[in-house]
Amino acid sequence: MASNSTKSFLADAGYGEQELDANSALMELDKGLRSGKLGEQCEAVVRFPRLFQKYPFPILINSAFLKLADVFRVGMLGSLASIIPERKNAHHSIRQSLDSHDNVEVEAAVFAAANFSAQSKDFAVGICNKISEMIQGLATPVDLKLKLIPILQHMHHDAILASSARQLLQQLVTSYPSTKMVIVSLHTFTLLAASSLVDTPKQIQLLLQYLKNDPRKAVKRLAIQDLKLLANKTPHTWSKENIQALCECALQTPYDSLKLGMLSVLSTLSGTIAIKHYFSLTPGNVGSSPGSSDLVKLAQECCYHNNRGVAAHGVRVLINITVSCQEKDLLALEQDCVFGLESLLVLCSQDDSPGAQMTLKIALNCMVKLAKGRPHLSQSVVETLLTQLHSAQDAARILMCHCLAAIAMQLPVLGDGMLGDLMELYKVIGRSATDKQQELLVSLATVIFVASQKALSAEVKAVIKQQLESVSNGWTVYRIARQASRMGNHDMARELYQSLLTQVASEHFYFWLNSLKEFSHAEQCLTGLQEENYSSALSCIAESLKFYHKGIASLTAASTPLNPLSFQCEFVKLRIDLLQAFSQLICTCNSLKTSPPPAIATTIAMTLGNDLQRCGRISNQMKQSMEEFRSLASRYGDLYQASFDADSATLRNVELQQQSCLLISHAIEALILDPESASFQEYVSTGTAHADSEYERRMMSVYNHVLEEVESLNRKYTPVSYMHTACLCNAIIALLKVPLSFQRYFFQKLQSTSIKLALSPSPRNPAEPIAVQNNQQLALKVEGVVQHGSKPGLFRKIQSVCLNVSSTLQSKPGQDYKIPIDNMTNEMEQRVEPHNDYFSTQFLLNFAILGTHNITVESSVKDANGIVWKTGPRTTIFVKSLEDPYSQQIRLQQQQAQQPLQQQQQRNAYTRF
């Protein structure tokens with residue numbers, strides 16, 4: 001019997017065996033937990049995550065945790081704090097276990113008390129006095145006190161509770177001067193202040209006091225660590241006196257490790273509002289001069305320190321001061337920044353160690369910030385990078401290429417100057433097939449694409465292709481082609497995609513690469529557009545559409561059930577429809593010449609009272625074009641809302657496409673359909689200073705130019721004139737001459753978020769309806785689990801889930817009843833906040849009309865910024881509304897009572913006949 005039980009448990013534990021339902025699987029795992037053999041118990045424990053992954057619903061998870069709790073006792077109870085924070089019997093069990101004589105049980109109770117205090121205000125209020133008594137009690141061992149003190153960091157639920165915990169910690173720091181006790185108490189003190197946000201300035205002063213006066217290095221290190229935490233979380237609470245005290249400590253300390261920690265705190269503060277407080281003018285204070293302050297003296301002293309970390313933080317402080325104090329003349333500081341960056345770059349670029357690479361990243365980030373904040377220094381920064389690029393190690397070269405690309409994106413005028421040096425370097429690298437060399441090829445090619453700005457010259461293309469021919473790694477070629485597509489170099493991308501078609505083993509990869517090649521070819525066709533040449537524009541758009549249609553066919557073939565490529569397909573379909581709309585608008589503009597208004601058009605316009613009718617059929621065509629562009633803008637908006645996992649650059653790209661549609665729609669309305677009421681205020685751009693990419697910068701420039709042209713023609717000429725049609729056609733050509741950028745989300749999904757819904761009641765067979773009587777309401781329970789990829793919350797996080805439930809009548813029974821229209825449909829919406837990625841709610845639905853109803857449940861999410869995203873999914877079930885027995889009996893009785901009367905009337909009619 002025992003062997004059969006073991007065999008059954010192990011059969012379920014193994015992969016590939018016949019799947020069991022949730023209850024059976026849980027029972028088998030419970031048998032393993034109750035086994036007398038330790039090995040089987042361990043095996044049962046490690047199988048629980050697989051069970052949770054397959055059945056992620058609370059009923060099963062709660063049951064499983066209770067079974068696990070029998071094994072792990074109070075310690076497991078602490079892990080359940082986020083699920084049952086207000087369970088009173090759990091609170092009582094923890095309080096009892098704290099008084100236990102079993103050391104293991106007490107330690108588990110301390111762990112559980114900490115977790116429940118973080119989750120439950122009631123528990124924290126109730127347990128605070130108990131913890132205080134144990135900490136102050138003479139019978140409590142010191143080791144246990146050290147474990148109890150961190151619980152006080154969770155006493156932040158209200159001001160009174162936080163104040164009492166702070167008083168206790170203040171007393172502990174004074175009464176127990178031992179190193180361990182001071183460290184634990186001070187750190188708990190800091191965490192409590194950071195959470196309660198009430199006594200943060202006092203805590204900063206306390207930490208600075210220990211940093212300055214306590215001789216123990218361990219306490220000083222703890223004080224620096226906590227100051228860094230408060231600098232990150234609450235920089236606005238730092239006063240000028242706090243920063244000055246920290247500077248004095250850093251200037252006086254003889255230890256490099258402590259100086260590095262203090263400079264790390266100061267470099268964090270220098271990038272926040274605290275630096276403005278430090279140099280600000282206050283009543284009774286003339287303000288600090290950046291050149292004479294202790295902070296600047298400290299940073300200048302550390303810029304050339306023999307410790308790389310100290311030097312990096314010193315340079316960072318100087319650069320943050322230089323960038324923040326824009327209104328002051330800081331020539332000497334600017335020179336110190338440049339020289340300090342040069343020395344760091346030389347020092348770190350020759351070293352492959354992890355520490356040197358981390359320091360180099362800090363220095364390169366500072367370079368990008370300095371070039372952006374002080375553009376007149378960017379040329380010297382770029383020259384320093386290019387000079388050092390030739391002699392640096394490969395790992396450093398990759399980081400330096402990223403820095404050059406970031407600077408060139410911000411300041412495009414520097415691109416041409418760096419292109420020559422980049423090409424010389426590209427010729428001499430990539431001789432080996434190491435990973436670093438491959439990465440360097442991609443990084444350097446990216447910088448070349450950014451520096452080239454527009455089309456690549458034949459020489460540049462030849463050099464890149466020649467280098468890639470000697471590289472056997474197809475992945476490197478694909479990454480470079482992908483970067484070319486992102487930067488708008490479609491001719492280069494098409495050739496690279498073409499070379500990869502025969503190097504993939506899967507037909508899905510082949511179709512994917514073929515679609516990218518066709519899209520690149522389609523965009524390349526648009527590079528031949530010329531202003532004022534409208535017939536050529538129609539030819540170019542037609543040629544581009546031909547390749548786009550080929551590409552969308554390949555893209556559809558590349559999609560799989562696991563990877564449906566929904567964003568890519570919709571983005572390309574919208575691009576096709578946009579090109580067709582542009583082509584149609586150009587043809588409409590040309591029709592003013594090919595099909596001018598008839599002679600009686602003016603008479604028709606006067607008769608109809610519509611002045612536009614005197615222009616002939618072009619007025620109706622323009623109205624249709626305007627509506628089509630507005631529809632495209634709406635579809636781009638839907639795509640934006642459906643792209644919850646997209647990065648910000650991709651979303652901005654979609655937004656720019658939407659703005660292009662709205663721009664043309666507005667131009668048609670302002671020039672032709674309604675010039676009198678057209679307003680330009682809402683379309684005025686804020687400028688291109690904040691554009692994050694060259695594509696966005698060029699698109700914004702086109703928008704501003706088109707708006708200026710439209711505004712200059714508005715009300716100047718009577719519509720429709722050749723000036724109006726020429727303005728519209730030139731606007732289309734200007735938009736299409738900017739090469740389309742295929743952003744990261746088109747190729748790569750860094751964040752993955754999906755929602756799995758479960759409805760109850762649910763039929764065994766999805767095609768079968770659920771039976772409900774028409775005089776009753778259906779309680780529909782909707783449960784859901786939010787599932788994440790490897791990087792949850794990388795770009796945005798879910799704050800709440802919006803569930804929309806609607807029902808429609810699919811089919812009626814034979815009898816036709818007169819029922820109010822309100823009873824024919826259900827439309828409800830609820831918002832729920834996920835708890836540990838789980839949510840549930842219920843809807844009461846009414847089905848008064850007999851027949852089959854279709855219930856649709858659709859989910860959308862709301863992020864932390866309040867933006868709603870239409871993520872889906874959309875789930876459908878069927879309900880069959882049946883007549884209740886009592887009503888059916890009454891109806892049958894009425895029919896039977898009416899039947900003799902109808903027969904009598906029929907006999908009377910026969911008699912009269």
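Residues numbered from 1 in each chain as written. Predicted model: local features only at pLDDT ≥ 70, side-chain atom pairs only at ≥ 80, totals over all residues. Heavy atoms only, no water.

**Details of helix H18 (residues 308–324)**
- When the terminal C-alpha atoms of H18 are compared, their 24 Å separation across 17 residues agrees well with the 24 Å that a helix rising 1.5 Å per residue should span.
- Counting buried positions over the 17 residues of H18 gives 15, a clear majority of the element.
- The backbone nitrogen of Gly309 has a side-chain oxygen 2.9 Å away, supplied by the residue at the start of H18, namely Asn307. (Helix = DSSP H or I, 4+ residues; strand = E, 2+ residues; numbered from the N terminus. Expected span 1.5 Å × (residues − 1). Buried < 20%, exposed > 50% of the residue type's maximum accessible area, 1.4 Å probe, protein only. Polar contact = N/O pair within 3.5 Å; in protein donor to acceptor, adjacent residues only side chain to side chain.)

**Comments concerning the side chain of His313**
- By the element assignment, His313 lies in helix H18.
- Take His313: its relative accessible area is 11%, and that puts it in the buried class.
- Looking at His313, its side chain comes within polar contact range of the side chain of Ser267, at 3.1 Å.

**Details of the environment of Phe52**
- For Phe52, the position within the fold is in helix H3 (residues 38–54).
- Sequence separation between Phe52 and Ala64 is twelve residues, and the spatial gap between their C-alpha atoms is 8.9 Å.
- The contacts of Phe52, once residues within four sequence positions are left out, are Leu60, Ile61, Ala64 and Phe65. (Contact = heavy atoms within 4.5 Å.)

**A few points about the sheet that holds strand S1 (residues 753–760)**
- Strand order in the open sheet made by the three strands is S1-S3-S6, with antiparallel pairing throughout. Where the open sheet ends on each side, the last strands, each with one partner, are S1 and strand S6 (838–846). Within this sheet the neighbouring strands show an average axis-to-axis angle of 25°, counted without direction.
- Pairing of strand S3 (residues 777–788) with S6, which is carried by nine bridges, proceeds in the antiparallel orientation. Directly across from Glu783, in S6, lies its bridge partner Ser840. (Pairing = 2+ DSSP bridges. Axes fitted to C-alpha atoms, helices over the stretch in contact; angles between N-to-C directions.)

**Overview of the pairing of S3**
- Sheet analysis places S1 next to S3, joined by eight bridges and oriented antiparallel. If you follow Ser754 over to S3, its bridge partner there is Gln787.

**Topic: the state of the cysteines**
- Scanning the entire structure with this criterion turns up zero disulfides.
- Note on Cys587: no disulfide assigned, nearest cysteine sulfur contributed by Cys729 at a separation of 9.2 Å. (Disulfide = S-S within 2.5 Å.)

**Some thoughts on the nonpolar core**
- Within the largest apolar cluster, 275 residues are counted, with the highest numbers of intra-cluster contacts made by Trp238 and Tyr426.
- The greatest single-element share of this core, amounting to 14 residues, is contributed by helix H30 (residues 566–594).
- Look past the residues within four positions of Trp238 in its chain and what remains in contact with it is Ile204, Leu227, Leu230, Ala231, Ile243, Leu246, Val265, Leu269, Ala274 and His277. (Core = buried A, V, L, I, M, F, W, Y, C linked by side-chain atoms within 4.5 Å.)

**With respect to helix H23 (residues 415–428)**
- Between its first and last C-alpha atoms H23 spans 21 Å; for 14 residues at 1.5 Å apiece the expected length is 20 Å, and the two agree.
- Its maximal kink placed at Asp421, H23 deviates by approximately 25°.
- Listed in full, the buried residues belonging to H23 are Gly415, Met418, Leu419, Leu422, Met423, Leu425 and Tyr426.
- Check the buried side of H23 and you find it contacts helix H21 (378–389), helix H22 (394–410), helix H24 (435–452), helix H25 (458–469) and helix H26 (474–487). (Bend = angle between axes of the 7 residues up to and from the residue.)

**Points about the packing of helix H32 (residues 618–642) against helix H33 (residues 648–673)**
- Orientation of H32 relative to H33, taken along the N-to-C sense of each, is 160°, at an axis distance of 9 Å. Considering the angle they form, H32 stands roughly antiparallel to H33. Viewed along their axes, H32 and H33 form a crossing whose handedness is left-handed. (Parallel < 35°, antiparallel > 145°, perpendicular 65-115°, else oblique. Left-handed = near helix turned anticlockwise from the far one by under 90°.)

**Focus: the packing of aromatic side chains**
- Using the criterion set out here, one finds 20 aromatic pairs in the structure.
- With centroids separated by 5.9 Å and ring planes inclined at 25°, the aromatic side chains of Phe567 and Phe571 adopt a geometry described as stacked. Placement of both Phe567 and Phe571 in helix H30 is noted, with a separation of four residues, approximately one turn of the helix. In this pair, the class of Phe567 matches that of Phe571, namely buried.
- An aromatic cluster is defined as three or more aromatic residues linked by ring pairs; in this entry it consists of Trp512, Phe519, Tyr548, Phe567, Phe571, Phe742, Tyr745, Phe746 and Phe747.
- Lys217 extends its terminal NZ or CZ atom over the ring of Tyr255, reaching a point 4.3 Å from the ring centre.
- Over the face of the ring belonging to Tyr278 we find Lys240, whose NZ or CZ atom lies 6.0 Å from the ring centre. (Phe/Tyr/Trp six-rings, centres within 6.5 Å; stacked < 30°, edge-to-face > 60°. Lys NZ or Arg CZ within 6 Å of the ring centre and 35° of its normal.)

**A look at the pairing of strand S7 (residues 851–863)**
- Burial runs high along S7: eleven of the 13 residues are buried.
- For strand S4 (residues 798–811) and S7, the ladder comprises twelve bridges, and the chain directions are antiparallel. Paired with Asn804 across the bridge in S7 is Glu858.
- With eight bridges joining them, S7 and strand S9 (residues 874–882) adopt antiparallel strand pairing. When the bridges of S9 are listed, Glu858 appears paired with Arg874.
- Note that S7 and strand S8 (residues 868–869) share two bridges and pair antiparallel.

**Brief notes about unusual backbone geometry**
- Looking along the chain, the bond that leaves Ser760 and enters Pro761 is cis, with omega of 5°.
- Of note, Pro761 is situated in the loop between S1 and strand S2 (770–773).
- Residue Pro873 is bonded to the preceding Gly872 through a cis peptide linkage, with omega at 5°.
- Following the sequence through the fold, Pro873 ends up in the loop between S8 and S9.
- Despite not being glycine, Leu565 shows a phi value in the positive range, around 55°.
- For Leu565, a relative accessible area of 7% gives the class buried.
- If you check the backbone angles, Asp837 has positive phi at about 65° while not being a glycine.
- One can find Asp837 in the loop between strand S5 (826–832) and S6.

**Points about the environment of Ser591**
- Within the fold, Ser591 resides in helix H30.
- Exposure remark for Ser591: the relative accessible area of 6% places this residue in the buried category.
- Separated by 27 residues in sequence, Ser591 and Ile618 have C-alpha atoms that sit 7.1 Å apart.
- Among all residues touching Ser591, those that are not within four sequence positions of it are Pro596, Arg617, Ile618 and Gln621.
- A distance of 3.4 Å separates the side chain of Ser591 from the side chain of Gln621, its partner in a polar contact.

Take it as geometry only, folks, not as evidence of what the structure does.
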